[in-house]
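A structural walkthrough
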Amino acid sequence: SRVLHPADAGPMFEKWRFSLASVTAFEFQARLWDLQSQTWRWHLNRALPIRDTDGTLTRWVGTSTDVHDQKRFSEELELRVEQRTSDLRHSLLEKEVLLKEVHHRVKNNLAVISGLIELQSGYTENEGVVGILRESQDRILSIALVHERIYRAESFESVDFAEYAEELARQLLETYGLLAAGVHLTCALERVELSIDHAIPCGLILNELLTNVLKHAFPSGQRGEIRLALRKCGQAAVLEV
């Protein structure tokens, strides 16, 4: 009569032969036929080699424990965990897509606002007003760059402020036409990750510092150098212009 499930017989006997040859503990889960329920039930089969005081193998002692209910419960639990994990991954993916879209739209809206300011500046010849409008555009640029970097990044938690600072500085120099006029940008920037809540105000501060430099440090086409440094200092960071 059948006792051991055909699918488990081969692997179980192979494991048993290995244990016999190496005289090591045997353990294997297999399905055994249950006469009472007339079903296959999972059993945990174990055997230990017993030696005498001289180390000679004298016998094997084994057990076969019905673990069918525990195994089914474990499998059901694993399926539930896998399903829950899959649902969470799907939900996380949807949120990531939504966040990317939000940051993309914010960046685009800021670009539209910047374009409207640029358009408005064309209706006035007052240098003071034009200067104010340009400074507003620069501030918008500093915010838009943060959202652009987050949109392009794999993580929404932080921004590499070193890359951001250099990109902002170069764009401002190009805006003021100073890169071609002999003003050089030198960067010594350590990698510092900032959250969006910190990156935006720090970007605005950097924008103000650089704008003041570009407006006042190089009068009458004077050549020069702008040095931008960022370094870690314990739990903080130091930004120098």
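Residues numbered from 1 in each chain as written. Predicted model: local features only at pLDDT ≥ 70, side-chain atom pairs only at ≥ 80, totals over all residues. Heavy atoms only, no water.

**Here's the deal with the overall build of the protein**
Along the protein, the regular secondary structure elements total 5 helices and 8 strands. Tracing the protein from N to C terminus, the helices and strands come up as α-β-β-β-α-α-β-α-β-β-α-β-β. Over its C-alpha trace the protein gives a radius of gyration of 35 Å, far above what one expects of a compact globule, namely 18 Å for 241 residues. With the C-alpha coordinates of the protein rotated into their principal frame, the extents come out at 105 × 45 × 25 Å. A buried classification covers 28% of the 241 residues belonging to the protein. Long-range contacts, defined as pairs at least 24 residues apart, comprise 57% of the intrachain contacts of the protein with a sequence gap of at least 6. Carbon together with sulfur atoms contributes 55% to the accessible area of the protein, which is approximately 15900 Å² in total. (Helix = DSSP H or I, 4+ residues; strand = E, 2+ residues; numbered from the N terminus. Rg over C-alpha atoms; globule rule 2.2 N^0.38 Å. Buried < 20%, exposed > 50% of the residue type's maximum accessible area, 1.4 Å probe, protein only. Contact = heavy atoms within 4.5 Å. Areas by Shrake-Rupley, 256 points an atom, 1.4 Å probe, with all protein chains shown as cover.)

**Regarding the environment of Leu-141**
Relative to the helices and strands, Leu-141 resides in helix α3 (residues 127-152). Looking at Leu-141, the relative accessible area reads 18%, which means it is buried. Taking C-alpha positions, Leu-141 is 16 Å from Leu-214, a pair spaced 73 residues apart along the chain. If near-sequence neighbours (up to four positions away) are discounted, Leu-141 is found in contact with Leu-168, Gln-171 and Leu-172.

**Some details on the sheet that holds strand β7 (residues 224-233)**
The 3 strands are arranged β5-β7-β8 in an open sheet whose pairing can be described as mixed. A strand with exactly one partner marks an edge of an open sheet, and here the two such strands are β5 (183-189) and β8 (236-240). Here the average twist between neighbouring strands, direction ignored, is 10 degrees. The sheet contacts of helix α4 (residues 161-175) involve β5, β7 and β8, and relative to β5 the element is tilted by about 175 degrees. (Pairing = 2+ DSSP bridges. Axes fitted to C-alpha atoms, helices over the stretch in contact; angles between N-to-C directions.)

**What to know about the side chain of Ser-19**
Relative to the elements of secondary structure, Ser-19 occurs in helix α1 (residues 6-22). The exposure class assigned to Ser-19 is buried, which follows from its relative accessible area of 0%. Only 3.5 Å separates the side chain of Ser-19 from the backbone oxygen of Ala-25, close enough to count as a polar contact. Contact partners of Ser-19, with chain neighbours within four places excluded, come to Thr-24, Ala-25, Phe-26 and Trp-60. (Polar contact = N/O pair within 3.5 Å; in protein donor to acceptor, adjacent residues only side chain to side chain.)

**Examining a nonpolar patch on the surface**
Taken together, the side chains of Val-112, Leu-116, Leu-119 and Tyr-123 define a hydrophobic patch exposed on the protein surface, amounting to about 460 Å² of accessible area. Within the secondary structure layout, Val-112 lies in helix α2 (residues 68-121). (Patch = residues over 30% accessible without salt bridge, like charges linked within 9 Å, V, L, I, M, F, W, Y side chains within 5 Å. Salt bridge = Lys/Arg side-chain N within 4 Å of Asp/Glu carboxyl O.)

**Things to note about the side chain of Asn-45**
Following the sequence through the fold, Asn-45 ends up in strand β2 (residues 39-51). Judged by its relative accessible area of 7%, Asn-45 falls in the buried class. A distance of 3.4 Å separates a polar atom in the side chain of Asn-45 from the backbone oxygen of His-43. Among the polar contacts listed, one links the side chain of Asn-45 to the side chain of Ser-64, at a separation of 2.7 Å. Once residues within four sequence positions are removed from consideration, Asn-45 is found in contact with Met-12, Phe-26, Glu-27, Phe-28, Ala-30, Leu-32, Thr-63 and Ser-64.

**So, the packing of aromatic side chains**
A complete count under the given rule lists 4 aromatic pairs for this structure. Judged by centre distance (5.1 Å) and plane angle (70 degrees), the ring pair of Trp-33 and Trp-40 falls under edge-to-face. Classification of Trp-33 by relative accessible area gives buried; the value is 17%. Given a relative accessible area of 22%, Trp-40 falls into the partly exposed group. (Phe/Tyr/Trp six-rings, centres within 6.5 Å; stacked < 30°, edge-to-face > 60°.)

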